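Breakdown of the fold
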Amino acid sequence: MTRAIAARQYVSDVAVLARKDARLELRSRDTVPAMLLFVVVALVVFHFAVPADLSEETERIVSFGLLWVALLFTAILGLTRAFVAEREQRLIDALVLAPCDRSAIWLAKTIAVVAFLLLAELIALPAFALFFEPVDAPTIAAILLANIGIAAVGTVLSAVSAASRTRELLLPLLLLPLAIPIIVGGIGASVTDEPAQFLAFLALYDAVFAIISWSTFEYVVTE
Amino acid sequence: MSLRNNLGPTFALVAFTFLIAAFALAFYWVPTDADQGFSQRIFYVHVPLALTAYACFAWGAWKALRLLWTNDNKYDLESYTAVHMGVIFGILVLVTGAIWARISWGVWWSWGERQLVLFLILFLFYCAYFMLRNSVDIGPRQARMSAVYALFGVVLIPISFLAIRLSENFIHPVVFTRDGPQMAASMFFVFCLSTVGTIALATALYHVELSGKRLDLKLKQRRKAYS
Amino acid sequence: MIQATALGRRFGDRDVIRGLDLDIPHDAFLLVTGGNGSGKSTLLSILAGLLAPTDGLLKVSAGRGEIGYVGHEPLVYRELTPLENLDLFGSLYRVAGRRERAGVLLERYSLWDVRDEHVSTFSRGMQQRLGLCRALLHDPQLLILDEPYAALDADGSSLLDDQLGELAQTRTVVVSSHMPERIESLATLQLAL
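As the structure is a prediction and not an experimental result, all values here were calculated from the model.

Each value, and the rule that gives it
- Residues numbered from 1 in each chain as written.
- Chains lettered and ligands numbered in written order.
- Predicted model: local features only at pLDDT ≥ 70, side-chain atom pairs only at ≥ 80, totals over all residues.
- Helix = DSSP H or I, 4+ residues; strand = E, 2+ residues; numbered from the N terminus.
- Rg over C-alpha atoms; globule rule 2.2 N^0.38 Å.
- Buried ≥ 20, exposed ≤ 12 C-beta atoms within 10 Å, placed from the backbone.
- Contact = placed C-beta atoms within 7 Å.
- Core = buried A, V, L, I, M, F, W, Y, C linked by C-beta atoms within 7 Å.
- Nonpolar A, V, L, I, M, F, W, Y, C, P; charged D, E, K, R; others polar.
- Expected span 1.5 Å × (residues − 1).
- Bend = angle between axes of the 7 residues up to and from the residue.

This brings us to the overall build of chain C. Counting secondary structure elements, chain C contains 5 helices and 8 strands. Taken from the N to the C terminus, the helices and strands of chain C come in the order β-β-β-α-β-β-α-α-α-β-α-β-β. Over its C-alpha trace chain C gives a radius of gyration of 16 Å, about what one expects of a compact globule, namely 16 Å for 193 residues. Dimensions of chain C, computed from C-alpha atoms along their principal axes, come out at roughly 45 × 35 × 35 Å. For chain C, buried positions account for 44% of its 193 residues. Here the contacts in chain C between residues at least 6 apart in sequence split such that 73% fall between residues at least 24 apart.

Residues Cys133 and Ile144 of chain C are the most contacted members of the largest nonpolar core, which totals 196 residues. The contacts of isoleucine 144 of chain C, once residues within four sequence positions are left out, are Leu44, Leu47, Ala48, Ile67, Gly68, Tyr69 and Val174 of chain C.

Time to look at the interface of chain B and chain A. Taken residue by residue, the interface counts 27 residues in chain B and 29 residues in chain A. At the level of elements, helix H4 (114–134) and helix H5 (140–171) of chain B are the ones that each hand at least two residues to the side of chain B that touches chain A. No other element matches H5 of chain B, which puts 18 residues into the side of chain B that touches chain A. By residue class, the composition of the side of chain B that touches chain A is 21 nonpolar, 4 polar and 2 charged.

Moving on: helix H9 (residues 195–221) of chain A. An α-helical turn contains 3.6 residues, so any two residues separated by three or four positions project in the same direction. For H9 of chain A, with 27 residues, the first-to-last C-alpha span of 38 Å sits near the 39 Å given by 1.5 Å per residue. Largest kink in H9 of chain A: about 35°, centred on serine 215 of chain A.

The next subject is helix H2 (residues 43–70) of chain B. Helix length check: H2 of chain B (28 residues) gives 40 Å between terminal C-alpha atoms against 40 Å at 1.5 Å per residue, within 8%. Backbone geometry just after H2 of chain B places asparagine 71 of chain B at a positive phi near 60°.

This part is about unusual backbone geometry. All names here are of chain C. Here arginine 94, not a glycine, exhibits a phi torsion of approximately 55°, which is positive. Tracing the backbone shows arginine 94 in the loop between helix H2 (82–92) and helix H3 (98–108). On the neighbour-count criterion, arginine 94 (15 C-beta atoms within 10 Å) is partly exposed. Its identity as a non-glycine residue notwithstanding, serine 110 has a phi of 55°, on the positive side. Along the chain, serine 110 turns up in the loop between H3 and helix H4 (124–136).

On their own, these measurements won't tell you what the molecule is for.
See below:
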């Protein structure tokens, strides 16, 4: 099989699987509404955690910090649902048995998670702008980059925790230490005067962890 | 008797020699640091511990890679033991770092200490590694998943370090000044002695633990075979 | 087609399969029998490639695209329709003319009328039949069925009886059952666990 054909087949596999995930979410409407509600509620909760008498600059930093925390936990919420159908109905077996590359499963799922995150952020960012601070371009760029990083790593870890005894409990424990650099990159891009270095850092994180996730996913779902 | 069987004791001997020499020199021979005084000597313990921990995590990740590459489960035990060693030394880094901070500046913790913050993150990460191992039954699956996570961990080390440095741009932690690189040649010599000794110690412990675990496994298999 | 030497599979401390030797030629029909917990499902999972043996050697001459497997779960997406399911798996298994083939299979297994309804509305038997369609979609050289009769109703069972006879002629089949009387006549090999 020539490289070109294999590549086309790979893209087709990813497209088919991603379409499947989109269709499943559209039908069940489980995950995205929950993420939307969660992120808004979280922002409201956080409002009460910010003292009133802060300097403008401090308040700005604190608010953006809380935005990133809210987004991270919303992502975790979405990721715990990522492999639910595959786990409960053992469908991951059906996907793993197929002759397609297992990393295609990872890529399709990551794309789906990014899509869910974008939908949640479509609501979250206006809500944040309303409750806290206006959102500027570097923040949006950082969020777009962070989505990729969280989804890439989160998808692998979601598959790992789906196969474990403790299931959903394990995912935040595995993911949060890995998410610390993303938080740093995101907040830095939002609040400092030189967002470029933080955006570059996020891009580096994405590149490194996407490659590692892409190549190790196979080992997580097979024996 | 082959060298292989004697790895643990051999390295222990090397470690013993180097560390005794290093500590003796660190206490009696090396000049006192101009800024920090006597307490600076903990540097000869703290930093070698950190370097050793990094080495353990890297070794664990290497064995993890070998496991995924060759699909041979024997590497699982080696990877796990290396990570275990790394965590033990990591805890020591945190403890000695806290002691040093307390002696030098009167606080038990400083967010301005990059190495300390990094080890905190790594400690949390590898705790999650053990939780992962605990929540998957022993077998090829546990081995593979642990290996994958160990690889994520070793990549996290430089990325986290970069993140911590960048975070100082907006966190503005209280950074207590400390001289690092301006070491006299004698200080550097003792530092190297201590580093070699600590790594040898880690290697010795690694081999002892590994043999212990392997023996345990063999015992279990024999017991099963006779039942 | 399948050769195994001293095959073993351990779960934690329990040896579910121990010291198993197999030599299954092409186009054989292997019937695996045994009570609950005897390791039938584990063995079939290993043959399909879902589990790795913890001991011994296994050689299966069929690649991933040539194996059809139905386990205890039918392995179909409940929120999709049969057509969507078969379209998905047909694409993943590189089935040429997958739409037509899906139609033929759905017809054969009496699911054509419900082809556009969600699988979640189906009975267990219907889901199992769809699972069989999924496994047969790519015309596999090695068919592995784990207790296929367990979830089927009377009609489905007699349908499977006919189909198995036909399928066994042109491929290797491995079936496990804890009530083997039904298909004993088809079996060329038997293995009791």
